[in-house]
Every structure is written in C-alpha cells, then in structure tokens.
Amino acid sequence: MSETYTVTVEPLGREVEVAEGQTILEACLRAGVWLPHSCTHGTCATCKVEVLDGDVDHGEASSFALMDFEREEGKTLTCCARPQTDVTIEADVDVDEELEVFPVQDFTGTIVELTDIANDIKRLRIELDREIGFNAGQYMKVQVPGTDGIDRTWSMANPPTENRVVEFQVRNVPGGVATDGWLFKDAAVGDSLQLSGPYGRFVLRTWEEERPIIMLGGGTGLAPLASMVKHALINEEYDGHITLYAGGRTKNDLYDVDFFRQLEQEYPDQFAFHPCVSAEEPEEGYRGGYVSTVMEQDFDKLTGYQGYMCGSPAMVEGCLKSFMSRRLFPRDIFGEDFFNEGDKQNGLSSPLIKR
Ligand SMILES: Cc1cc2nc3c(=O)[nH]c(=O)nc-3n(C[C@H](O)[C@H](O)[C@H](O)COP(=O)(O)OP(=O)(O)OC[C@H]3O[C@@H](n4cnc5c(N)ncnc54)[C@H](O)[C@@H]3O)c2cc1C
Ligand code: FES
C-alpha cells in the first residue's frame, strides 16, 4: 500500500493528506488550500515556506530558487517538496480576499483545433470532459503524450466564461519535448489528452478598477493577457483602462492583431493596442522596438498604474526594469515568465525570483 503523510499548514492549522510522490503544493491546491505559487517547477521561489517540523525531499528545486543555506535553515519549495514524514509548514498565505480560489482538478481533453497562427506559433483548443473554473491569466499542466508523465504548463488565452473549451497559444521550442517533439510534429485534432489545473497567481485584478493597466506581452506571453483583456472588456469585469503592447520580432511573429484592433474600436474609452516589431521596419499600424521601449516612449511616469508583463525570462527582466524606470513599485507589477527546462538546466535565474 502506498504511504501518505499529513502536512499541517500554519498559520491556517489546515491538515492535508499528501500521497506518496506528490508534492505539498499539488496536494494542497487539490484540497482547496491555497498556497502561494507561480511557476510550479522550482524556479521562481514564490512557493518558499519554512518547514517547522518533519522531513522533506527538496526534489528538483533549482539551486538558485532554493539556495544551500536556505535548505539548511529549513526552507523548502512546496512545488517540489515531497514529505518523507508528517510535516508542519509555515506559509505566507496572505491571498487577496477578492481572489476566487478554484481547487486544482484533473481533466481529460480532446483537441478540437490546432492551427498555425504565426511563425512557429500554434493555437491549440482543447475540449474538456467538463467545465473548469479559473481566473483570467491562470494556466494548466498538459501531460505530454508518449512520455513518462512529463507535463508542460500553458496559459489559457480564453476568458473564464468559456469554461468547456480551453485555448492555448504555443510557440515551438527547437529540441523541446512537448512542442518540437509532439505538438508541432504529430499532434492532431481528435487526440485525447490529460490535463490538470488551474494553477498560478498571475491573474487580472478586477477589484483594482480605479487603477489603469499597462500590459506587455512578448510572443506567446500574449496568451494570459488575451484572457484578461477578453474578461475585462467582453465580460465587463473591469471598468478601468487597459493599454496592451504585443511584441514579436517581425509582423509574421504576431497574431490576433485584427482581433485586438477590433476590440480597440469597440471599446475606445477602455482599450488601446500597440503591436510592436523589434527586428524590422514597422509597417503602418505597427510600432518599432521592444514592447518595453515602446511603452517607455508613451509614458514618462506610471505612478497610480498597474503593470502586467509576460514572456521569456529575458523579456520579463527588460519589462521589469522599464516599469520601475517609470516609477512603478514592485507591488504594482505582476508578471509571469515562460521559463523552460533549458533555462532551468542552464542555471538561468528567473527575474521574478522571490527572496
Ligand atoms: C507559468 C508558465 C506558463 C507558460 N505558458 C506558456 C504559453 O502559454 N505558451 C507557450 O508557448 N509557452 C508557455 N510556457 C512555456 C512552456 O511551459 C514550455 O516551457 C514550452 O512550451 C517548451 O516546452 P517543451 O517541452 O517543448 O521544451 P523543453 O523540453 O522544456 O525544452 C526547452 C529547451 O530546453 C532544452 N532542454 C530540455 N531539457 C534540457 C536539459 N536537461 N538540459 C539542457 N537543455 C535542455 C531543449 O532542447 C529546448 O531547447 C509557460 C511556462 C510557464 C512556467
Ligand atoms: S512555484 Fe515553486 S518555485 Fe515557482
């Protein structure tokens, strides 16, 4: 019989059973006990907690997200930690009261659309076996077919009201297990998949309507921002103003430009959209440069704003600096970086790492 351990989460005093091989975070999110987290792959340190009692295996926690001295001090990353005994942890569980928490669940899905939408980018739509509840900006884990339980995380680009079919926008990563090795190779409409979710805390803060939002998306980093924009405007969940910058190297690396232009026309008082190209002369209707530099040209000061950013770790690092150069405090900046296995193995440190 497989062993289970009890994890007690302080200061909540909640007890959660963790199955053998399961991480503390996975067990808690499935039990509806919210713990802070972002990447769920041991790179961002958002899920760092103190182990007050008991032993854990730190698993695949990266050495820069959980340093040696922190391990000695009794810290762990719940997204990688597997209990070896009953354990008590102390977590920083100050979740925004306004945020609705949806427990993580398993789903079976069927691919209903797989189309090329830009250079090396596909739109993948998956019909789930039942409805999913999630916040705009969250992501799911997809088990890669033909592998021994490898999963990859992709952000929903659909709004939460479309809760039976989820849309992912995925970039091909040469040599990547899920993309090069499966999605861009032999995945097809009709294929069945296993998924779980929702995960993540990069969500549209609908309760901060008095503060306008600047969104910076690089490549498929547009996906969670697309979910947020649709939820804000079409679902009327946010009355404030949103300025969205979507970046790619060339025009052919950008997608859904016409869709966002249409939204700009429909919601002129609430939405502005700037597609940006960094490696070619911009045609009419496009801006030239990285999203962060174009944003800097438009805004001298962002005091009173909220900043959202998503893309590769390098892109997010640049955006973070740009936002801060425009006097946006870290507490008003929300981001997700699309860290991959190569970044982790090559020792790249996430710009969003929490110390
Ligand atoms: C929260 C979150 C949300 C995300 N959302 C999206 C999204 O909406 N859309 C999107 O396109 N991406 C998204 N990503 C990125 C996504 O999860 C995957 O990382 C990406 O799709 C690549 O997966 P892969 O399996 O194809 O590549 P991987 O197998 O992870 O490989 C990536 C690169 O690393 C190299 N590599 C792999 N293993 C090693 C190793 N052991 N040593 C050295 N190099 C190695 C590979 O050759 C390849 O070049 C997100 C990431 C996170 C963390
Ligand atoms: S959520 Fe655990 S390190 Fe990112």
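Procedures and definitions
- Residues numbered from 1 in each chain as written.
- Chains lettered and ligands numbered in written order.
- Predicted model: local features only at pLDDT ≥ 70, side-chain atom pairs only at ≥ 80, totals over all residues.
- Heavy atoms only, no water.
- Buried < 20%, exposed > 50% of the residue type's maximum accessible area, 1.4 Å probe, protein only.
- Helix = DSSP H or I, 4+ residues; strand = E, 2+ residues; numbered from the N terminus.
- Arc of directions from axis to C-beta.
- Near = heavy atom within 4 Å.
- Polar contact = N/O pair within 3.5 Å; in protein donor to acceptor, adjacent residues only side chain to side chain.
- Areas by Shrake-Rupley, 256 points an atom, 1.4 Å probe, with all protein chains shown as cover.
- Contact = heavy atoms within 4.5 Å.

Named according to an unreviewed UniProt entry, the protein is Phenol hydroxylase P5 protein originating from Raineyella antarctica.

Three or more residues of helix α5 (residues 257–266) are buried, namely V257, F260 and L263. Here the buried residues of α5 occupy an arc of 125 degrees about the axis, which is enough to place them on one side. Facing away from the buried surface of α5 by more than 90 degrees, the exposed residues are D258 and Q265.

A few words now on the site of ligand 1. Taken together, the neighbourhood of ligand 1 is formed by 25 residues, with R152, T153, Q169, A178 and T179 sitting nearest. In this structure, T153 approaches ligand 1 through a main-chain N or O atom, which is 2.7 Å from an oxygen atom. Within the backbone of Q169, an N or O atom sits 2.9 Å from a nitrogen atom of ligand 1. Protein chains shield 81% of the accessible area of ligand 1, which is 980 Å² for the free molecule. Taken together, the elements giving at least two residues each to the shell around ligand 1 come down to β11 (151–155), β12 (165–171), β19 (333–337) and α8 (341–345).

Below, the discussion takes up the side chain of T8. Looking at the element boundaries, T8 is found in strand β1 (residues 4–10). Among all residues touching T8, those that are not within four sequence positions of it are G13, R14, E15, V87, T88 and I89.

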